[in-house]
Amino acid sequence: MSLFAAQIYPGQGLGFLVLGASLHDILTRLKAEPQRFPKLDLVYEYTSPVKEPVVLNLPTNGLRLRFDGPQQRLRLIEVLDFTKSQLTYKDKDVLRPPSAAQTASVQPEILSGPTFRHIYNRLLGPTFPGEYIQPETGDETGMGVYVLSYPGIAFTFPLSGSSWSPKKDVVSLLSSSTSYPASSMAIFKGDSWPDARERLYGKEPVADEVRLVRIHGEGHLEVVRPDAVPPFWIKLGLTSPQELVAVLGPPDAIYRKNDQRMSIHKARPASRTYSRTDERLQDDSTDTDQSSAHTATDDSDEGNEDGEVAGNVSGECFYNYFYHGFDILISTPATPSQCPPSKKPANPEGIVPTDAPSRLVASKVILHGNVPGSYPFNRHRRCRWDIVYLKPGKGQDVVNSESAFEEVEERLHQEWKSIYKTTEEAKVRQRGMVLNRDWGDSPGSSCELLGGWEESVGGKRTNPSGTEDVRGLGNTTLFGFPGLVFEVLKNGTVSGLTVF
């Protein structure tokens, strides 16, 4: 294994591990160097994986990375073992290699980290007094820790509770020959560790990236970027591929949509008894194509039973924006979903103006949650969203990507109940459809249909370290509402949202 060597940048990062980087970016980079980072251990809260912090342990490298749950941004870098990485600050070694004489005469634990004298005198220089954290109740060792803070970086030193006193000269105490070296180091944004600790998981905008997608209904999506950049509107049925590329840049990949096996759930011409509004909902709410999850193609010669389905195959493709966290279906124009009852229609007649019916436009957007434990985890950066037309009432929160689906479902039921003749009809139309993303008999199996096929071989899901993962969040369920399809995990977290 090659040793991880990195320069320390207080308040900014450690080598390529930059504070504010997305979990998707960091994992992608680490997985690209398996010899240097052979083991990755992802820790998250099973019941609320998008609300509580996500921790990425690199035990072989002695590192621990902490990300906030909602945005999945790197907030804290911790070095837990200085001997497993080669760290430098302004080209000075943090842990100086011991001489042969030191190795023979000094105890191993004394050589496990930088000394207080080395940090305070040669590496970073003097700083304000730190804080002492008393040993935990019942700790037989009686060892607390002294935190030495600088702007953007801090070191912890084991210190006996009996030795500590606010009146003592801590510099002399920690620089003595009997003192312990630093046991860990933290890199963060803030003037000191006590200051940064209070707002570690705060919201900070990242330049040139999509911060939020706001769903307004009728196929209108507002792509929110940093404050200095005006929002970009995607209008399904109108926005052209050229407009997408001009604002979002070229897609990271293009997937040619060719799987139509879910078309069995679409309405057939001979039995269409619903209105055009109902037909639109039924046709689109069962489309489970996850675009970028496909790496295999289905070249079977099975005939299409419906000319409408056959006509949709040609020219359709997904623009995959992995680093924005969403995919966009490019196809011929179609009538967007109906206007929410609580909103005034922007296009009362429901007509899509177009000068050429065969031209390609954005017709569907898939927003990915990148939920730890879900099958498609780390294919995309997490994309956050909220539903604007669901106005929060007294005591209610905005419905967004962190909301439990139970709450989302209740609010949507209330919004759309007026379009159904009876309560029973609403329940039938909005019932869930179970997906299994772990089947993998062949590239043409349900994995290819539903998504989750990786590398076109095998059928087991693997975690980032390459070992089989049997602790995932399992099957998902699709729930459809007008203009929206939610993919929901067993714990009630929304894994993906399709807007059409």
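Quantities reported herein were computed from a predicted structural model and do not represent experimental measurements.

Criteria and cut-off values
Residues numbered from 1 in each chain as written. Predicted model: local features only at pLDDT ≥ 70, side-chain atom pairs only at ≥ 80, totals over all residues. Heavy atoms only, no water. Helix = DSSP H or I, 4+ residues; strand = E, 2+ residues; numbered from the N terminus. Buried < 20%, exposed > 50% of the residue type's maximum accessible area, 1.4 Å probe, protein only. Contact = heavy atoms within 4.5 Å. Areas by Shrake-Rupley, 256 points an atom, 1.4 Å probe, with all protein chains shown as cover. Phe/Tyr/Trp six-rings, centres within 6.5 Å; stacked < 30°, edge-to-face > 60°. Arc of directions from axis to C-beta. Pairing = 2+ DSSP bridges. Axes fitted to C-alpha atoms, helices over the stretch in contact; angles between N-to-C directions. Core = buried A, V, L, I, M, F, W, Y, C linked by side-chain atoms within 4.5 Å. Polar contact = N/O pair within 3.5 Å; in protein donor to acceptor, adjacent residues only side chain to side chain. pLDDT = per-residue confidence, 0-100.

Each helix and strand counted, the protein chain has 11 helices and 25 strands in total. Counting only residues that meet the buried cut, the protein chain has 49% of its 500 residues in that class. By sequence separation, contacts in the protein chain at least 24 residues apart represent 63% of the contacts at least 6 residues apart. Element-wise, carbon and sulfur atoms account for 51% of the exposed surface of the protein chain, whose accessible area totals about 24,200 Å².

Turning next to the packing of aromatic side chains. The geometry of an aromatic ring pair is captured by the separation of the ring centres together with the interplanar angle, meaning the angle of the planes. Taken as a whole, this structure holds 15 aromatic pairs when the rule is applied. Three or more aromatic residues joined by ring pairs form one cluster here, namely Trp-385, Phe-405, Phe-479, Phe-481 and Phe-486.

Another point: helix 6 (residues 241-248). It helps to recall that an α-helix has 3.6 residues per turn; residues three or four apart then point in one direction. Among all positions of helix 6, only Pro-241, Leu-244 and Leu-248 are buried. Looking straight down helix 6, one finds that the buried residues subtend no more than 60 degrees of arc, so they occupy a single side. Those residues of helix 6 that are exposed and aimed more than 90 degrees away from the buried face are Gln-242 and Ala-246. The inward-facing, buried residues of helix 6 contact strand 16 (232-235), strand 18 (317-321), strand 19 (326-331) and strand 20 (361-368). Once helix 6 finishes, Gly-249 follows within two positions and takes phi at roughly 90 degrees, a positive value.

Attention shifts here to the pairing of strand 15 (residues 220-224). Of all 5 residues in strand 15, 5 are buried, a share of seventy percent or more. A two-sided burial pattern is seen for strand 15, the buried positions comprising His-220, Glu-222 and Val-224 on one face and Leu-221 and Val-223 on the other. Strand direction decides the pairing type here: strand 14 (residues 212-217) and strand 15, joined by 5 bridges, are antiparallel. Looking across to strand 15, one finds that Arg-214 is bridged to Glu-222. In this antiparallel pair of consecutive strands, strand 14 and strand 15, the connection spans 2 residues, and Glu-218 shows a positive phi of 60 degrees. Bridge analysis of strand 15 against strand 16 gives 4 bridges, and the strand direction is antiparallel. In the strand pairing of strand 16, Leu-221 is matched with Ile-234.

Strand order across the open sheet formed by 8 strands is 4-5-6-7-13-12-11-10, with antiparallel pairing between neighbours. Because the sheet does not close on itself, it has two edges, and the strands there are strand 4 (41-43) and strand 10 (131-133). Each strand of the sheet is rotated relative to its neighbour by a mean of 20 degrees, with strand direction disregarded. Sheet strands touched by helix 1 (residues 23-31): strand 4, strand 5 (54-58), strand 6 (63-67) and strand 7 (74-79). Its angle to strand 5, the strand with the most contacts, is close to 15 degrees. Against the sheet, helix 3 (residues 116-123) touches strand 11 (143-150) and strand 12 (153-160), its axis set at about 10 degrees to strand 11.

Another aspect to go through is the environment of Gln-86. Structurally, the position occupied by Gln-86 is in strand 8 (residues 85-89). In sequence terms Gln-86 and Ala-5 are 81 residues apart; their C-alpha atoms lie 4.5 Å from each other. Once you skip the residues sitting within four places of it in the chain, Gln-86 turns out to touch Leu-3, Phe-4, Ala-5 and Ala-6.

With that settled, the discussion passes to the nonpolar core. Counting residues in hydrophobic clusters, the biggest one holds 45 residues, and the most contacted among them are Ile-8, Leu-14, Ile-26, Leu-56, Leu-65, Leu-87 and Met-185. If near-sequence neighbours (up to four positions away) are discounted, Met-185 is found in contact with Ile-8, Ile-77, Glu-78, Val-79, Phe-82, Leu-87, Ile-153, Ala-154 and Phe-155. Counting residues in hydrophobic clusters, the runner-up holds 38 residues, among them Ile-215, Val-399, Val-408 and Leu-497.

Turning to the environment of Tyr-120, a few remarks are in order. Relative to the helices and strands, Tyr-120 resides in helix 3. Residues Tyr-120 and Ser-175, 55 residues apart in the sequence, show an inter-C-alpha distance of 9.0 Å. Every residue in contact with Tyr-120, bar those within four places of it in the chain, is listed here: Gly-125, Pro-126, Thr-127, Leu-148, Tyr-150 and Val-171. At 3.5 Å, the side chain of Tyr-120 forms a polar contact with the backbone oxygen of Thr-127.

Secondary-structure assignment places Leu-63 in strand 6. Sequence separation between Leu-63 and Asp-81 is 18 residues; the distance between their C-alpha atoms is 7.2 Å. When sequence neighbours within four positions are dropped, the list of residues in contact with Leu-63 reads Phe-4, Leu-14, Leu-17, Leu-56, Asn-57, Leu-58, Glu-78, Val-79 and Ser-85.

All right, on to the confidence of the model for the protein chain then. Scored by pLDDT, the protein chain comes out at a mean of 78, with 72% of its residues at no less than 70. Confidence drops under a pLDDT of 50 for residues 290-313, and excluding neighbours within four residues, the segment shows 51 contacts in the predicted structure. Predicted confidence is poor over residues 439-471, with pLDDT under 50, and the contacts of this stretch with residues over four places away or in other chains come to 76 contacts.

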